[in-house]
Amino acid sequence: MKRIIKKYSMNEKFMIRFISLLTVGIILFTLVWFLSFYFLPDGFLKGKAVSSRIVGTEASNTLLAEWGKIVGYNLGAVCLLVLVNLILWFDLFPLGYVTVFGNLTLYSIFMGTNSFAISMPERMAPSFAIFARSGPYEMIGFLLVAAATYNQSRFALAKNSYRITSVPRLSLEQWIGLGFGIAIILLAAWREAIMIIAS
């Protein structure tokens, strides 16, 4: 099992890493969204998440201000992801992957229970209608960033110790993946801002 995890999570080819993360992400998101929609109460996490305290519970006065608020939060999450990616977990995968999947899990619970700071008119049942929202594209952006910075881990954790490792420069492929990831996050934030201001 460890060999399989490392084979795909630490693969030298960017697209293999990204598709592997995306596949796990889709399965995790769908499962948690389904469970939270059918088994958790409406507004289960409303007001309890850190995000609602940072971005607030009311829309900004202008589209640009709302977009800036969302972008600030999401780029902060990107910085956290890259920072956590500096730690390699038992030579299997960088811990940034856990950050991304944790974020994705939270989003799926928010979606299933309508726990957003600015709520939707009603809870959204699992369906392809999700692709009309910005969240899935934000998650794809985070997955791209995680896959692009996979080999930047400076600290490798072991059972009772850690070691400092050398870090290679990002390849052109990684820079492109990182750029695409951030671009998608920015565009998804614009889409989200439009939806919030229009509601």
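For the structure itself, look to the data block above.
The paragraphs below set out a description of the structure included in this document. None of the values given here were measured: they were computed from a predicted structure. Chains are numbered independently. Their residues run from 1 in the order of the written sequence. pLDDT decides what is reported in this predicted model: residues at 70 or higher carry local features, side-chain atom pairs at 80 or more are listed and counted, and totals for whole chains, interfaces and linings draw on all residues regardless. Side-chain descriptors were evaluated using all non-hydrogen atoms of the structure, hydrogens and water having been removed beforehand.

### Remarks on a nonpolar patch on the surface
Moving on, step 1. Patch building starts from residues that exceed 30% relative accessible area and form no salt bridge, then joins like charges within 9 Å and nonpolar side chains (Val, Leu, Ile, Met, Phe, Trp, Tyr) within 5 Å. We get accessible surface area from the Shrake-Rupley algorithm with a probe of 1.4 Å; when it comes to residues, only the shown protein chains can shield them. Salt bridges are identified by distance alone: a Lys or Arg side-chain nitrogen within 4 Å of an Asp or Glu carboxyl oxygen. On the surface, a nonpolar cluster with roughly 540 Å² of combined accessible area is contributed by Leu31, Phe34, Leu35, Tyr38 and Phe39.
Moving on, step 2. The topology assignment puts Leu35 in helix H2 (residues 14-39).
Moving on, step 3. Each residue is assigned to one of three classes by its accessible area relative to the maximum for its type, calculated with a 1.4 Å probe on protein chains only: buried under 20%, partly exposed between the two thresholds, exposed over 50%. Looking at Leu35, the relative accessible area reads 39%, which means it is partly exposed. The numbering of helices and of strands both runs from the N terminus, where a helix is a DSSP run of H or I of at least 4 residues and a strand a run of E of at least 2.

### Let's talk about the packing of helix H4 (residues 63-84) against helix H7 (residues 172-198)
Moving on, step 1. It is at 8 Å that the axes of H4 and H7 come closest, and there the two elements cross at 140°. Here H4 lies oblique to H7, going by the angle between them. Every pair of crossing elements has a handedness; the one defined by H4 and H7 is right-handed. Contacts between H4 and H7 involve Leu63, Leu64, Glu66, Trp67, Ile70, Val71, Asn74, Leu75 and Val78 from the first element and Ile182, Ile185, Leu186, Ala189, Trp190, Glu192, Ala193, Ile194, Ile196 and Ile197 from the second.
Moving on, step 2. Classification convention: Asp, Glu, Lys, Arg as charged; Ala, Val, Leu, Ile, Met, Phe, Trp, Tyr, Cys, Pro as nonpolar; all other residues, Gly among them, as polar. Class assignment of the residues belonging to the contact of H4 with H7 gives a composition of 16 nonpolar, 1 polar and 2 charged. Note on geometry: axes are lines fitted to C-alpha atoms, helical ones only across the stretch in contact, with angles between N-to-C directions running from 0 to 180 degrees. Note on terminology: angles under 35 degrees are roughly parallel, angles over 145 are roughly antiparallel, angles of 65 to 115 are roughly perpendicular, and the others are oblique. Note: crossing handedness is left-handed where the near helix turns anticlockwise from the far helix by less than a right angle, and right-handed where it turns clockwise. Only heavy atoms matter for contacts: two residues are in contact if any of them lie within 4.5 Å across the pair.

### Description of unusual backbone geometry
Moving on, step 1. For Asn114, which is not glycine, the phi torsion reads 55° and is therefore positive.
Moving on, step 2. Following the sequence through the fold, Asn114 ends up in the loop between helix H5 (96-113) and helix H6 (135-148).

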